[in-house]
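Commentary on secondary and tertiary structure
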Amino acid sequence: DLRYNAATGYSFNPDLPTLANFGPKIDWVIAGAESGDNARPMDENWVRELRDQCIAGKVAFFYKQNAVNGKKIKEPVLDGKQWMEYPKVLESATV
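For clarity, every value in this text was computed on a predicted model and none was experimentally measured. (Residues numbered from 1 in each chain as written. Predicted model: local features only at pLDDT ≥ 70, side-chain atom pairs only at ≥ 80, totals over all residues. Heavy atoms only, no water.)

1. Describing the packing of aromatic side chains
Following the criterion strictly, the structure yields three aromatic pairs and no others. Each ring, one from F62 and one from Y86, has its centre 5.6 Å from the other, and the planes form 70 degrees; the classification is edge-to-face. Remark: Y86 occurs in the loop between β7 (81-82) and β8 (91-93) and F62 occurs in strand β4 (residues 60-68); sequence separation between them is 24 residues. A relative accessible area of 55% means that Y86 is categorised as exposed. The aromatic ring of W83 is capped on one face by K81, whose charged end is 4.0 Å from the ring centroid. (Phe/Tyr/Trp six-rings, centres within 6.5 Å; stacked < 30°, edge-to-face > 60°. Helix = DSSP H or I, 4+ residues; strand = E, 2+ residues; numbered from the N terminus. Buried < 20%, exposed > 50% of the residue type's maximum accessible area, 1.4 Å probe, protein only. Lys NZ or Arg CZ within 6 Å of the ring centre and 35° of its normal.)

Take a look at the structure:
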């Protein structure tokens, strides 16, 4: 029997600029560029702003992808680091 403590997470695309509208309790932010034919351009400064808000709020931050010249880059490097954080989840196993 494996039990997990629920986490509240949001996936951010370039049209969602800040964490301000998501209430006081967010455990996880996933951010990245859109993919596909109608994908909107993404500015990495937007990603930095979200990352900095997450650091300040002690929220796990995962930078899932970027797109350069139409090519998707999974788990890109931002400022010298791959941001692949996960929320702290409590697990307990019962045999």
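What follows continues from the structure just given.
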